[in-house]
Amino acid sequence: MGAEVKSYEADFAAHFGSRYAVMVSSGSAANLLGIAALVYSGRLKAGDEVIVPAVSWSTTYFPLTQMGLRLRFVDIDPDTLNIDVALLDAAITDATRMVFAVNLLGNPCDYSQLRAICEAHDLILAEDNCESMGASFQEKMCGTFGVFGTFSSFYSHHIATMEGGVVLTDDEELYHFMLSLRAHGWTRDLPKTSQLYSKNPDPFYESYNFILPGFNLRPLEMEAAIGREQIIKLDGLVSQRILNEAYLKEALGGLRGFRRQRPLQQSSWFGFAFIIDPDCDVSRDQVVKQLTNSGIEVRPIVAGNFTRNPVISYLPHSIAAPLTAADDIHKNGFFVGNHGHDMRRELDYFASVMSDVLNGK
Ligand SMILES: Cc1ncc(COP(=O)(O)O)c(C=O)c1O
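Cut-offs used in this document
Residues numbered from 1 in each chain as written. Predicted model: local features only at pLDDT ≥ 70, side-chain atom pairs only at ≥ 80, totals over all residues. Heavy atoms only, no water. Near = heavy atom within 4 Å. Polar contact = N/O pair within 3.5 Å; in protein donor to acceptor, adjacent residues only side chain to side chain. Areas by Shrake-Rupley, 256 points an atom, 1.4 Å probe, with all protein chains shown as cover. 1 Å grid on protein atoms, 1.4 Å probe; cavity = no way out; pocket = protein on both sides within 12 Å on 5 of 7 lines; lining within 4 Å. Sits in = over half its atoms within 2 Å of the grid points. Pairing = 2+ DSSP bridges. Helix = DSSP H or I, 4+ residues; strand = E, 2+ residues; numbered from the N terminus. Axes fitted to C-alpha atoms, helices over the stretch in contact; angles between N-to-C directions. Patch = residues over 30% accessible without salt bridge, like charges linked within 9 Å, V, L, I, M, F, W, Y side chains within 5 Å. Salt bridge = Lys/Arg side-chain N within 4 Å of Asp/Glu carboxyl O.

## Thoughts on the site of the ligand
As a matter of local geometry, the ligand sits amid 16 residues, with G27, S28, D128, E131 and S152 nearest to it. D128 places a side-chain nitrogen or oxygen 2.8 Å from a nitrogen atom of the ligand. Interatomic distance of 3.2 Å between a side-chain N/O atom of H157 and an oxygen atom of the ligand. For the ligand, whose unbound accessible area comes to 390 Å², protein coverage reaches 91%. Using a 2 Å cut-off from the grid points, one finds that the ligand occupies the largest pocket.

See the structure below:
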């Protein structure tokens, strides 16, 4: 980790209009770093409750429980597939301290409502934006609404550094906590003027000086060098993904038997999610089988209703109210990938296989 990482962080922060960016080894590492910084800076403490959507990736949740926090699951909106903001007020308890919002599959959450609710209840808002680089809400980039926002540049995402992640924040104190926690909890990466720790002017004393129980979440120079080229292309890659979605919508025409994820505002279309209607003659599993047999890779909608994954027995949690919409996508949902290149040929093929299976062919 050196000059390339520093430059990538500067480019990334400038692109999204944030003060600070911290590059790490993955989006999962970004979530761990942001949450750990909130805990070690004293803004959260063990036993505090964090509201999370019932549908997200595993490492949205794990860093929270690994840092001693409790998960409070709230159902998703059946159309946007993001946390259902109408259910939030009723889900807040005396122990609730934070909402960890997730922009699912490219789709922004409703940040005007989320911010208002968090302000009214004095809750921290943070964003897992690992699936939605380039999405925006009211012309503001996702990943910049909360106290921190996280990004992934894993191979299948909007930009790819093979593995890689970033945390954005405008908060200088959190930034300094992250600089130390990212690399062993040492002082070496802190600026001389940091309020977090007053460094000894003799570099010998600060070469191995540990102030926090940190991790090693450092990225590689090579990943950052790739990231610097990729971030230049991000707007074009996202625009192409949006064009691909428009093309798919046309290609599917009046085909019935499913509903699709509804973009709340500008989605960056990570993939294309489908939920088979419960009264459709064909089941989700039949559709998945035919797509797979036709050479089209299919995935569940992230982890479905996350509380139905066996790992839940390890995670201190509560469920605010029945997770009806999450259960629906668990049983009836799937998604296929999008890409930053022109996919007209692939989308025509996909639409024709969908048409065959839904028409019983
Ligand atoms: C919502 C969400 N958060 C976090 C991650 C973790 O990112 P990474 O694969 O870079 O560790 C992912 C991965 O796709 C994700 O979808």
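## Considerations on the sheet that holds strand 12 (residues 317–319)
Pairing is mixed in the open sheet, where eight strands are placed in the order 1-9-8-5-4-2-3-12. The sheet is open, and its two borders are formed by strand 1 (20–24) and strand 12, each paired with just one other strand. Between one strand axis and the next, the sheet turns by 20 degrees as a mean value, whatever way the strands run. By the bridge criterion, five bridges tie strand 2 (residues 49–53) to strand 3 (residues 70–74) in an arrangement that is parallel.

## Quick notes on a nonpolar patch on the surface
Together, F154, Y155 and M162 give the surface a local cluster of nonpolar side chains, amounting to about 340 Å² of exposed area. Here M162 is to be found in the loop between strand 8 (149–152) and strand 9 (165–169).

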